[in-house]
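Chain by chain, the residues:
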Amino acid sequence: MDEKEAEAKKPRFEFKNYKILLVIPLIVLLISAGILVNGYMQTGDWFKRSIELKGGTLINIESDKPVDTSALENSLAGKFGLLTVREIRSFSGYGILIEASSEVNANNIIQEVKNFGITVQSFSVQTIGPALGATFWIQAQLGLAVAFIFMGIIVFVIFRTLVPSLAVILAAAFDILFTLAFMQVFDIELSLAGLAALLMLIGYSVDTDILLTTRSLKGTGMVGQRIYGAMKTGLTMTFTAIGALAAMLIFTASPVLTQIASVLLIGLVFDIMNTWITNAALLKWYMERKGIV
Amino acid sequence: MLKYWRIWLLIVVVLGAMLAIGFKTYPYGRTGVQIAFVYDSSPARGTLQSGMIITDLNGQQITDVNDWTGKTANLKGPVTLTANGRQYSFNVSDSIGVDVTNIDRTNLDLGLDLKGGTRIVLKPEGNATSETISQIVSILQTRANIYGLKEMKFLSVRDPGGDYYIQVEAAGIGRDIIENLLSRQGKFEAKIVKPVDLENNRGTIRLGGESFGVVADNETITVNNQAIMPNQTFVLKNIDFQYLNRTGSRLIFQATAYKGDDIEIIYTDPQRSAVVPQSNGYLFYFVVLVSQEGASRFSDITTGIPKIFDINSGEEYLDSAIRLFIDDQLVSELRISGSLAGQIYTTPQIQGFRPTFEEAAQEKLSLQTILRSGALPLTLQTASIDIISPTLGSGFITTAVYSAVLAMIVISAMVFIRYRKIRVALPIIFISISEIIIILGIAATNDSLIWASVLVINIFLIALAWWKQKDVDIYVWTGAILIPLLGIMSWTIDLPAIGGVIAAIGTGVNDQIIIADEALQIRERKIYTMKEKIKRAFFIIFGAASTVIAAMVPLMFLGIGLVRGFAITTIVGVLVGVLITRPAYAKIIEATTKE
């Protein structure tokens, strides 16, 4: 294809109605806030935490056949008190996750699962005392806050202008907030691995934001065209990452990797919106005010 | 050629990393299993040690853990196996009681969640200081050594809130192993060897001012009208005695001088505890405060023990020894100075001589630990337990490899669809695989000498570039200095670390797309040169890299290091990216996109 021809075929991208587009992230913001507040009203917690962040015992059993989880749960609950049994399915086989209090003896539960007629091919047990769980939870909140502040400082150092920096930071904050809210919808409990994924999401989020801001402020051509060019690159980046994470999610049987992949996956989907609507619109508005068109 | 030095550098680093991961020797062949733990009930207890490689069982080759589990499941009767090239035979009545793991195929230090094992985190109750924590770790380590659990790892961790934790890791399965170790009381006893010489089969046990007659009749002896067989115990003047044996006309007894609670203080101040140089080596000594009762038992027992002259040291010693036991296991033996016989000393001094300072300091610490083993300075609470069966862990590795392959296919397909150019898509795959290898290679290299040399070379190169007035940006020098420093940190490849590798590769692919995109922009070809475009790409890349690193730093200190693997791998991956692989990719794109 001839270069000039390619040039001519480029769609005109004016990005004129950006103020109206901003309604979309605002609606998602309201929905997310609703989900989190609803969770807080019902359980006293903004979102569900895994045993790592609250204490308890998690038993992961791999078996060769599908398991009737509700029958198993009833049977175990009669002997060990309150516990939940969930099914995890992956390419490598069938698995169940049993969550109980940190007081129970995991060996007895595994024995009971065997008595129930389930072949225990392999297993893992994680017990976190309530005190340690509470400590981890405080650390996790602190870590998230510190990471966010560090990120903010770096963004300011990079751009050295107030509004574009704030737009990037706001987009990252939205990413984290929306992801936490929709983790509740998909019934994903936040663990330390999930926290790691949220922090990584900050990195991925800022990645495309910096691309957008740099190209818009330092590029050539119409602002709309610059944003469009950046968007083509950025979407390739994000969709490639989403594809790779989906591949990981399909194959892995590990709860740790499943958590990392699903948190990042949810986050990246929201990042598309927050980079190319939230951040882009704020940036365009800023550039119009500054007379850079 | 020199124009492409960035690509050459990448190739050299990748080859080095491959060597670091995979270069290994197998003294007992590539198949077999490694012993993780030998149970108390096992017939092999005492002969087989953790760490040994078992290659065959009853003439059949053992290939891996599954093979071993299958072959030993219902194993009873006489068993012959080869461990570390030697044959051993046992009679199995119940079960062989040996936990094994697969032989390490790489130099990677795989995490517990990938190779299976038990990890317990203990929290000391009360006011813990770094000193009490290191005492506890040293006591636990000593206990583990006594019980043959040499593969057990102890680590003290301090969380950002200032709380101390002790992490115990064992390759074998079962929390009972570790809990057993902790619940052992660490019963300490110091027993003094007391010889009694016979004349016409009669002798006297002298205890302080008192004497007790002994009549010997072949094996059996009679003390206080009580018949005593060898190894039998009895009590004289409130002192626990044990009759060991008879050699010629000499009876050997063992009498308990001190128990755990008799050791009141182990002094650590420099006046009473030190290592000092001497003419041909180092003397260590420390003073212990013992109870009044202990001191008088010592005085009673040592009364009447003959003295011997030691030619080597020119000093007089008792013809005896003080033996230190923990949970009835002999852990050390010391000589008693001749001047101490029959004396009541509440502050005896323990001393020894070693050829080097390190050995003397080590021996001093080890003896202090043994004396302390009576009690841990603080109660330990179990804060968390992780148990992972070995087969589960190896399954995770397999699925991680599958998902990596599928992810690569997805990435290359996406990039190809977007750019329709093999020369853009193919290098991305090549670079991503290189990045995985380099990250793992850095994790596999734990030799501080190697990293120290890398650091020196890097600093030299930066200085050279600066002197030649080439511009060295902040990322090059932070990367060149930080990578060796992170490399020295021992860091295991666990599941979070695998997540970190994937995250780092993700940012890597993103950056390469930015480079490709900037380089291939048609519209701006006339306005900017290739150099300027690449420079703009790197502005974005460096910015993104900084934010990722900034976000990962707090993660290194959270959750007593449970997700440290994720943080370090990501930081290393990003640094390797900006320093080695992105410049190489940019060069490849520059070279293939001739203007």
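Since the model is a prediction, treat every value here as computed from it, not as a measurement. (Residues numbered from 1 in each chain as written. Chains lettered and ligands numbered in written order. Predicted model: local features only at pLDDT ≥ 70, side-chain atom pairs only at ≥ 80, totals over all residues.)

Scanning chain B for helices and strands turns up 14 helices and 26 strands. Here chain B has a C-alpha radius of gyration of 32 Å; the compact-globule value for 595 residues is 25 Å, and the former is much larger. In terms of its C-alpha atoms, chain B occupies a principal-axis envelope of roughly 115 × 60 × 45 Å. Across the 595 residues in chain B, those meeting the buried criterion constitute 41%. Long-range contacts, defined here as pairs at least 24 residues apart, represent 71% of the contacts in chain B between residues at least 6 apart. (Helix = DSSP H or I, 4+ residues; strand = E, 2+ residues; numbered from the N terminus. Rg over C-alpha atoms; globule rule 2.2 N^0.38 Å. Buried ≥ 20, exposed ≤ 12 C-beta atoms within 10 Å, placed from the backbone. Contact = placed C-beta atoms within 7 Å.)

Secondary structure assignment for chain A yields ten helices and four strands. If you list the helices and strands of chain A from N to C, you get α-α-α-β-α-β-β-α-β-α-α-α-α-α. By principal-axis analysis of the C-alpha atoms, chain A measures approximately 75 × 45 × 30 Å. When the 293 residues of chain A are sorted by exposure, 48% land in the buried category. Excluding contacts between residues fewer than 6 apart, the proportion of contacts in chain A whose partners are at least 24 apart in sequence is 75%.

For helix H8 (residues 192-218) of chain A, spanning 27 residues, the distance from its first C-alpha to its last is 39 Å, which sits close to the expected 39 Å at 1.5 Å a residue. Counting buried residues in H8 of chain A gives 25 out of 27 residues, a clear majority hidden from the surface. (Expected span 1.5 Å × (residues − 1).)

Contact with chain A, which involves 60 residues of that partner, is made by 66 residues of chain B. Where the side of chain A that touches chain B is concerned, the elements lending two or more residues are helix H1 (3-9), strand S4 (122-128), helix H6 (130-159), H8, helix H9 (223-251) and helix H10 (255-290) of chain A. A per-element tally of the side of chain A that touches chain B places H6 of chain A first, with 14 residues. Residue composition of the side of chain A that touches chain B, by class: 35 nonpolar, 20 polar and five charged. Where S4 of chain A meets strand S26 (residues 380-388) of chain B, five bridges bridge the pair, whose relative direction is antiparallel. The partner of Val-125 of chain A across the bridge, within S26 of chain B, is Ile-387 of chain B. (Nonpolar A, V, L, I, M, F, W, Y, C, P; charged D, E, K, R; others polar. Pairing = 2+ DSSP bridges.)

This part covers helix H3 (residues 23-43) of chain A. Residue and element names in this part refer to chain A. Taking 1.5 Å of rise per residue, 21 residues should cover 30 Å, and H3 covers 30 Å from first to last C-alpha, within 8% of that figure. Along H3, the positions that sit buried rather than exposed are Pro-25, Val-28 and Ser-32. Angular distribution of buried residues about the axis of H3 spans 60°; they occupy a single face of the element. Away from its buried face, by an angle of more than 90 degrees, H3 presents the exposed residues Val-23, Leu-26, Ile-27, Leu-30, Gly-34, Val-37, Met-41 and Gln-42. Along its buried surface, H3 packs onto helix H7 (162-185) and H10. Directly beyond the C-terminal end of H3, a positive phi value near 85° is found at Gly-44. (Arc of directions from axis to C-beta.)

Of the residues in chain A, 92% have a pLDDT of 70 or more, and the chain-wide mean is 86. Here H1 of chain A is the element of chain A with the lowest mean pLDDT, 50, and H7 of chain A is the one with the highest, 94. (pLDDT = per-residue confidence, 0-100.)

Residue and element names in this part refer to chain B. You will see that Lys-237, though not glycine, has its phi angle at about 50°, which is positive. Note on placement: Lys-237 falls in the loop between strand S15 (233-236) and strand S16 (239-247). Its identity as a non-glycine residue notwithstanding, Arg-420 has a phi of 55°, on the positive side. The topology assignment puts Arg-420 in the loop between helix H8 (390-419) and helix H9 (422-444). A residue is classified by how many C-beta atoms lie within 10 Å of it, and Arg-420, with 10 of them, is exposed.

Right, let's talk about the sheet that holds strand S24 (residues 329-334) of chain B for a bit. All names here are of chain B. In space, the six strands of this open sheet follow the order S15-S16-S17-S10-S23-S24, with antiparallel pairing throughout. Edge positions in the open sheet fall to S15 and S24, since each of these has one partner strand only. Strand-to-strand twist across the sheet, computed as the mean angle between neighbouring axes with direction ignored, equals 35°. Two strands pair when backbone bridges link them, and strand S10 (residues 188-197) and strand S23 (residues 322-326) are joined in this way by five bridges, in the antiparallel orientation. Each bridged residue has a counterpart across the sheet, and for Glu-189 the counterpart in S23 is Phe-325. Each of S10, S23 and S24 touches helix H7 (residues 357-372); the most contacted strand, S24, lies at about 130° to it. (Axes fitted to C-alpha atoms, helices over the stretch in contact; angles between N-to-C directions.)

We now examine the domain arrangement of chain A. Residues and elements named next belong to chain A. Domains assigned within chain A are domain 1 (17-49 + 132-290) and domain 2 (56-128). Spacing between the C-alpha centres of domain 1 and domain 2 amounts to 35 Å. Each partner contributes to the interface: domain 1 provides seven residues, whereas domain 2 provides eight residues. When contributions to the side of domain 1 that touches domain 2 are tallied by element, the ones reaching two or more residues are H6 and H9. Broken down by class, the residue content of the side of domain 1 that touches domain 2 amounts to five nonpolar, two polar and no charged. (Domains from an automatic or database assignment.)

Turning to the domain arrangement of chain B, a few remarks are in order. Taken as a whole, chain B is organised into domain 1 (2-23 + 391-446 + 490-592), domain 2 (33-102), domain 3 (117-186 + 378-386) and domain 4 (189-350). When each unit is reduced to the centre of its C-alpha atoms, the spacing between domain 1 of chain B and domain 4 of chain B is 67 Å.

Two modes of strand pairing occur in sheets, parallel and antiparallel, and in both the strands are linked by backbone hydrogen bonds. All names here are of chain B. As summarised here, the arrangement of the four strands in space is S11-S12-S13-S14, forming an open sheet in which the pairing is antiparallel. Every other strand in the sheet has two partners, leaving strand S11 (202-207) and strand S14 (226-228) as the edge strands with one partner each. Each strand axis lies, on average, 30° off the axis of its neighbour in the sheet, ignoring direction. Pairing between strand S13 (residues 220-223) and S14: three bridges, direction antiparallel. Note on S14: the bridge partner recorded for Ile-221 is Ile-228.

With that out of the way, let us pick up the pairing of strand S4 (residues 77-83) of chain B. In the case of a regular strand, side chains alternate between the two sheet surfaces. All names here are of chain B. Judged from the three bridges that link them, strand S2 (residues 53-57) and S4 form a sheet pairing that is antiparallel. Within S4, the position partnered with Asp-56 by the bridge is Thr-82. The pairing of S4 with strand S5 (residues 86-92) spans seven bridges and is classified as antiparallel. The partner of Thr-80 across the bridge, within S5, is Ser-89.

Below, the discussion takes up the pairing of strand S1 (residues 33-38) of chain B. Residues and elements named next belong to chain B. With six of six residues buried, S1 lies mostly within the body of the structure. Summarising the sheet, S1 and strand S6 (residues 98-102) pair through five bridges and their orientation is antiparallel. When the bridges of S6 are listed, Ile-35 appears paired with Val-100. Relative to S2, S1 runs antiparallel, the two sharing two bridges.

All names here are of chain A. By the element assignment, Lys-79 lies in helix H4 (residues 69-80). The exposed category is assigned to Lys-79, around which 11 C-beta atoms lie within 10 Å. Sequence separation between Lys-79 and Asn-279 is 200 residues; the distance between their C-alpha atoms is 54 Å.

Turning to the packing of helix H11 (residues 474-488) of chain B against helix H14 (residues 564-592) of chain B, a few remarks are in order. Residue and element names in this part refer to chain B. Where H11 contacts H14, the two axes come as close as 9 Å, and the packing angle between them is 140°. Here H14 runs oblique to H11, going by the angle between their axes. Of the two elements, H11 crosses H14, and the hand of that crossing is left-handed. Contacts between H11 and H14 pair Tyr-475, Val-476, Gly-479, Ala-480, Leu-482, Ile-483 and Leu-486 from the former with Ile-568, Ile-571, Val-572, Leu-575, Val-576, Val-578 and Leu-579 from the latter. (Parallel < 35°, antiparallel > 145°, perpendicular 65-115°, else oblique. Left-handed = near helix turned anticlockwise from the far one by under 90°.)

A separate point is the confidence of the model for chain B. Reading fine detail from the predicted coordinates is not recommended where pLDDT is low. Residues and elements named next belong to chain B. Residues with a pLDDT of 70 or more make up 94% of chain B, whose mean pLDDT is 84. The least confident element of chain B, judged by mean pLDDT, is helix H5 (residues 175-183) at 64; the most confident is helix H6 (residues 292-302) at 92. Interface confidence for the predicted complex, given as ipTM, is 0.88, next to a pTM of 0.79.

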